[in-house]
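# Structural characterization, general
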Amino acid sequence: MILNRINIRTEKKAEFIDITTTVKKIVVSENFAEGLCSVFVPHTTAGITINEAADPDVVKDILGHFEKKVLHNDNYLHAEGNSAAHIKALITGSSVTVPVKDGKLVLGTWQGIYFCEYDGPRSRSYFISLI
Amino acid sequence: MILNRINIRTEKKAEFIDITTTVKKIVVSENFAEGLCSVFVPHTTAGITINEAADPDVVKDILGHFEKKVLHNDNYLHAEGNSAAHIKALITGSSVTVPVKDGKLVLGTWQGIYFCEYDGPRSRSYFISLI
Amino acid sequence: MILNRINIRTEKKAEFIDITTTVKKIVVSENFAEGLCSVFVPHTTAGITINEAADPDVVKDILGHFEKKVLHNDNYLHAEGNSAAHIKALITGSSVTVPVKDGKLVLGTWQGIYFCEYDGPRSRSYFISLI
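As a starting point, this report considers the structure included with it. (Residues numbered from 1 in each chain as written. Chains lettered and ligands numbered in written order. Predicted model: local features only at pLDDT ≥ 70, side-chain atom pairs only at ≥ 80, totals over all residues. Heavy atoms only, no water.)

## Some words on the interface of chain B and chain A
On the side of chain A, 32 residues touch chain B, which itself brings 26 residues to the contact. Here chain B and chain A share an interface that buries about 2400 Å² over both sides, 62% of which is from carbon and sulfur atoms. Of all residues in chain B, B:Met1, B:Phe40 and B:Leu90 give up the largest surface area on contact with chain A, accounting jointly for 26% of the area buried on that side. If you look at where chain B meets chain A, you find one salt bridge. One salt bridge in this structure joins B:Asp74 and A:Lys68, with 2.9 Å as the shortest N-O distance. If you look at where chain B meets chain A, you find ten residue pairs in polar contact (both at pLDDT 80 or more). Counting residues per element, the ones that place at least two in the side of chain B that touches chain A are strand 3 (35-40), helix 3 (83-92) and strand 8 (123-130) of chain B. No other element matches the six residues that helix 3 of chain B contributes to the side of chain B that touches chain A. (Contact = heavy atoms within 4.5 Å. Buried area = accessible area lost by both parts, 1.4 Å probe. Salt bridge = Lys/Arg side-chain N within 4 Å of Asp/Glu carboxyl O. Polar contact = N/O pair within 3.5 Å; in protein donor to acceptor, adjacent residues only side chain to side chain. Helix = DSSP H or I, 4+ residues; strand = E, 2+ residues; numbered from the N terminus.)

See the structure below:
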């Protein structure tokens, strides 16, 4: 297995950062022809997902939905004030797995891989595994 | 790795299609004895999940819940009118990973693998990776 | 691939059980140096997730959110009375995938792996795949 750690700086409280280009570059630079690519986030208030990368409004609508449905203040017990971010991280998931064929990620036309920040801004990282 | 692409035609706006039999057939026809089976959807308004395959009412209840909680019209910015489907796809996830042992998927008694259509009817596809 | 089945007894209707120590022990006892660790739940009213393991209030807040947002009674069709648990299982997901490097799970400082019971108490199990 090939494992790469990528560092990333988020700039907002909540944002989706398109990391597709970075993941594709790793697949190419590692000369990885075929297998699975798993992207994993080692945080508990951030997630990884795949969704539309063409129209940036899609991501805004997703973040807007989360903002309305997972309230920032809701009589939470956790004293750090970021329980909403932990809940959003659970809903999003901590990894995605994408097939690789002929040296390329088998992504659909509209798909992009997103690092999902729910409690930024922070210095973050994610791991790309090729197997 | 063995990679298969399966085409599928959805018939409704929103429906879960049980693809368990198809995935099992691929495991058998590829003589795949042991490893992981990953099912991936290359779309941004569809997902893949595992849930009860015995009583079809379970899937109806899941779709009913989504219909109520992720509103079709909610002042979304995305002009295509399918932001709700993008949100449901994020919540569902784009892949599932199931162990394979002795040539069989290690699924629980009640589990089935579902292709989750949230913006149909459409011609769709999914990928089965065996590794 | 190395595949282990672990049995677990849940004690409450809904609870998150931290299984990180068990998963780490399997990685060590199998002398597994590098690859991916996939944890899979063969149930349809339970899930697997990764979230904060330091403050137990985080898990309580997640369960409290689910309790409020996915109603136990909501005119469901499924006659067994556990549709809410099936919905929560879908939202949570049936597996997590974590990289392993130098014989250790590449988990973040605050991350723990949780078995998520939504319809207990029951005798349950989960599978740990190392590949």
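Here the narrative resumes.
## Observations concerning the interface of chain A and chain C
Listed per partner, the contact involves 26 residues of chain A and 32 residues of chain C. Roughly 2400 Å² is buried in total at the junction of chain A and chain C, and carbon and sulfur atoms are behind 62% of that figure. At the boundary of chain A with chain C, the tally comes to one salt bridge. At the boundary of chain A and chain C, one finds ten residue pairs in polar contact (both at pLDDT 80 or more). Those elements that place two or more of their residues in the side of chain A that touches chain C are strand 3 (35-40), helix 3 (83-92) and strand 8 (123-130) of chain A. Sorting elements by how many residues they give to the side of chain A that touches chain C places helix 3 of chain A first, with six residues.

## Section: the sheet that holds strand 7 (residues 111-117) of chain C
Residue and element names in this part refer to chain C. Pairing in this open sheet of three strands is antiparallel, and the strands run 2-7-4 from one edge to the other. The open sheet has two edge strands, strand 2 (15-18) and strand 4 (46-52), and neither has a second partner. Direction aside, neighbouring strands of the sheet carry axes that sit 35° apart on average. Bridge count between strand 2 and strand 7: four bridges; the pairing is antiparallel. Paired with Ile17 across the bridge in strand 7 is Phe115. (Pairing = 2+ DSSP bridges. Axes fitted to C-alpha atoms, helices over the stretch in contact; angles between N-to-C directions.)

## With respect to the nonpolar core
Ranked by size, the top nonpolar core spans 48 residues in total, and within it A:Phe16, A:Ile91, B:Phe16, B:Ile91, C:Phe16 and C:Ile91 carry the most contacts. Excluding residues within four positions of it along the chain, B:Phe16 makes contact with B:Thr49, B:Val59, B:Ile62, B:Leu63, B:Tyr114, B:Phe115, B:Cys116, B:Tyr118 and C:Leu90. (Core = buried A, V, L, I, M, F, W, Y, C linked by side-chain atoms within 4.5 Å. Buried < 20%, exposed > 50% of the residue type's maximum accessible area, 1.4 Å probe, protein only.)

## A short note on the sheet that holds strand 7 (residues 111-117) of chain A
Residue and element names in this part refer to chain A. Read from one edge of the open sheet, three strands run 2-7-4, paired in antiparallel fashion. In the strand order of this sheet, the two ends are held by strand 2 (15-18) and strand 4 (46-52), each with one partner. Across this sheet, the average inter-strand angle for adjacent strands is 35°, counted without regard to direction.

Function-wise, these values are silent; they only describe arrangement.
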